[in-house]
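Here is what each chain is made of, one letter per residue.
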Amino acid sequence: MALGATIHTFDVQLADVDRGRYESLTLRMARHPSETDAFMVTRLLAYCLEYEEGIAFSEGIAATDEPAVLVRDDTGRMLAWIEVGAPDADRLHRGAKLADRAAVYTHRDPAKVAAAWAGKRIHRAEEIPLVSFDPGFVDDVAAVLERRNSMTLSVTERHLYLELNGSSLSTAIHEQRAG
């Protein structure tokens, strides 16, 4: 018998001073059995750090033709293609062509992720940010996850401060370009 997705709920207070975004969000995330906690945390962080009107989680593993997070306008046009993890160069190339902008958020070693793209064709690679966090941060966040979560996320001067279920964590937000 196949296992179903586990639903996690996040009540989020978002204060992104760098982007001028202040929101109260209630997010329901389905975590597929094959998805790691680290991947789910990175997907959640990508959603919060990219938050804007029209943002949504894709159908996850079942949606092979969509990124983990995407932004569409009212007409359905793809505004942002936001990958999580270590997408291959072909997938990133395709996403960068389909959307106005693309980004990658990773919980892996960003140097290794970028090295896998070296010499490969990626549309507008020099415009695609590869975002990562301090080593161990994503694992520390994953360690305090529950099915129902209360979270305050603040960003100022590219530093992320996170209060999750009573635990306080912080990290620098690192960014390099895919190309």
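Thresholds, definitions, all that
Residues numbered from 1 in each chain as written. Predicted model: local features only at pLDDT ≥ 70, side-chain atom pairs only at ≥ 80, totals over all residues. Heavy atoms only, no water. Helix = DSSP H or I, 4+ residues; strand = E, 2+ residues; numbered from the N terminus. Buried < 20%, exposed > 50% of the residue type's maximum accessible area, 1.4 Å probe, protein only. Polar contact = N/O pair within 3.5 Å; in protein donor to acceptor, adjacent residues only side chain to side chain. Contact = heavy atoms within 4.5 Å. Core = buried A, V, L, I, M, F, W, Y, C linked by side-chain atoms within 4.5 Å. Pairing = 2+ DSSP bridges. Axes fitted to C-alpha atoms, helices over the stretch in contact; angles between N-to-C directions. Expected span 1.5 Å × (residues − 1). Arc of directions from axis to C-beta.

- As recorded in an unreviewed UniProt entry, the protein goes by YaeQ family protein and comes from Agromyces binzhouensis.

**Some words on the side chain of Asp-16**
(1) Moving on: Tracing the backbone through its elements, the reader meets Asp-16 in strand β1 (residues 6-16).
(2) Moving on: Residue classification places Asp-16 among the buried residues on the basis of a relative accessible area of 2%.
(3) Moving on: From its side chain, Asp-16 meets the backbone nitrogen of Asp-18 in a polar contact 3.2 Å long.
(4) Moving on: The contact partners of Asp-16, leaving out residues within four places of it in the chain, are Arg-21, Tyr-22, Leu-49 and Val-155.

**What about the nonpolar core?**
(1) Moving on: Within the largest apolar cluster, 42 residues are counted, with the highest numbers of intra-cluster contacts made by Phe-10, Phe-133, Phe-137, Met-151, Leu-153, Leu-160 and Leu-162.
(2) Moving on: When sequence neighbours within four positions are dropped, the list of residues in contact with Met-151 reads Phe-10, Asp-11, Val-12, Gln-13, Leu-44, Cys-48, Leu-162, Glu-163 and Leu-164.
(3) Moving on: Of all hydrophobic cores here, the second largest spans 17 residues; its members include Met-78, Trp-81, Val-113 and Trp-117.

**Observations concerning the sheet that holds strand β5 (residues 78-84)**
(1) Moving on: In spatial order, the strands read β2-β1-β8-β9-β10-β7-β6-β5-β4-β3; together these 10 strands make up an open sheet with mixed pairing. Since the sheet does not close on itself, it has two edges, and those belong to β2 (21-31) and β3 (55-57), each with one partner. When strand polarity is set aside, the average angle formed by the axes of neighbouring strands in this sheet is 25 degrees.
(2) Moving on: Both β1 and β2 contribute to a ladder of 11 bridges, which runs antiparallel. Among the inter-strand pairings, His-8 is bridged to a residue of β2, identified as Met-29.
(3) Moving on: Running over the sheet, helix α1 (residues 37-49) touches β1, β2, β3, β4 (69-72), β5, β6 (101-105), β7 (129-133), β8 (148-156), β9 (159-164) and β10 (167-177) and is turned about 150 degrees from β2.
(4) Moving on: Contacts between helix α3 (residues 110-117) and the sheet are confined to β6, β7 and β10, with β7 contributing the most and set at about 155 degrees to the helix.

**Describing α1**
(1) Moving on: Over its 13 residues, α1 runs 18 Å from end to end, which matches the ideal 18 Å to within 8%, given 1.5 Å per residue.
(2) Moving on: Of all 13 residues in α1, 11 are buried; the element is thus mostly enclosed.
(3) Moving on: Restricting attention to buried positions, one finds in α1 the residues Ala-38, Met-40, Val-41, Thr-42, Arg-43, Leu-44, Leu-45, Ala-46, Tyr-47, Cys-48 and Leu-49.

**Some words on the environment of Arg-31**
(1) Moving on: Structurally, the position occupied by Arg-31 is in strand β2.
(2) Moving on: Separated by 25 residues in sequence, Arg-31 and Thr-6 have C-alpha atoms that sit 5.0 Å apart.
(3) Moving on: Not counting the four nearest positions on each side in its chain, Arg-31 is found in contact with Ala-5, Thr-6, His-8, Thr-36, Asp-37, Met-40 and Arg-43.
(4) Moving on: Polar side-chain contacts of Arg-31 include one of 3.3 Å to the side chain of Asp-37.

**Some remarks on α3**
One turn of the α-helix equals 3.6 residues, which is why residues spaced by three or four share an orientation.
(1) Moving on: Regarding α3, the residues found buried are Val-113, Ala-114 and Trp-117. For α3, the angular spread of the buried residues around the axis is 95 degrees, confining them to a single face. Relative to its buried face, α3 has exposed residues pointing more than 90 degrees away, namely Lys-112 and Ala-115.
(2) Moving on: Buried residues along α3 sit against α2 (89-98), β6, β7 and β10.
(3) Moving on: Capping of α3 at its N-terminal end is provided by Asp-109; its side-chain oxygen lies 2.9 Å from the backbone amide nitrogen of Ala-111.
(4) Moving on: Within two residues after α3, Gly-119 carries a phi angle of roughly 75 degrees, on the positive side.

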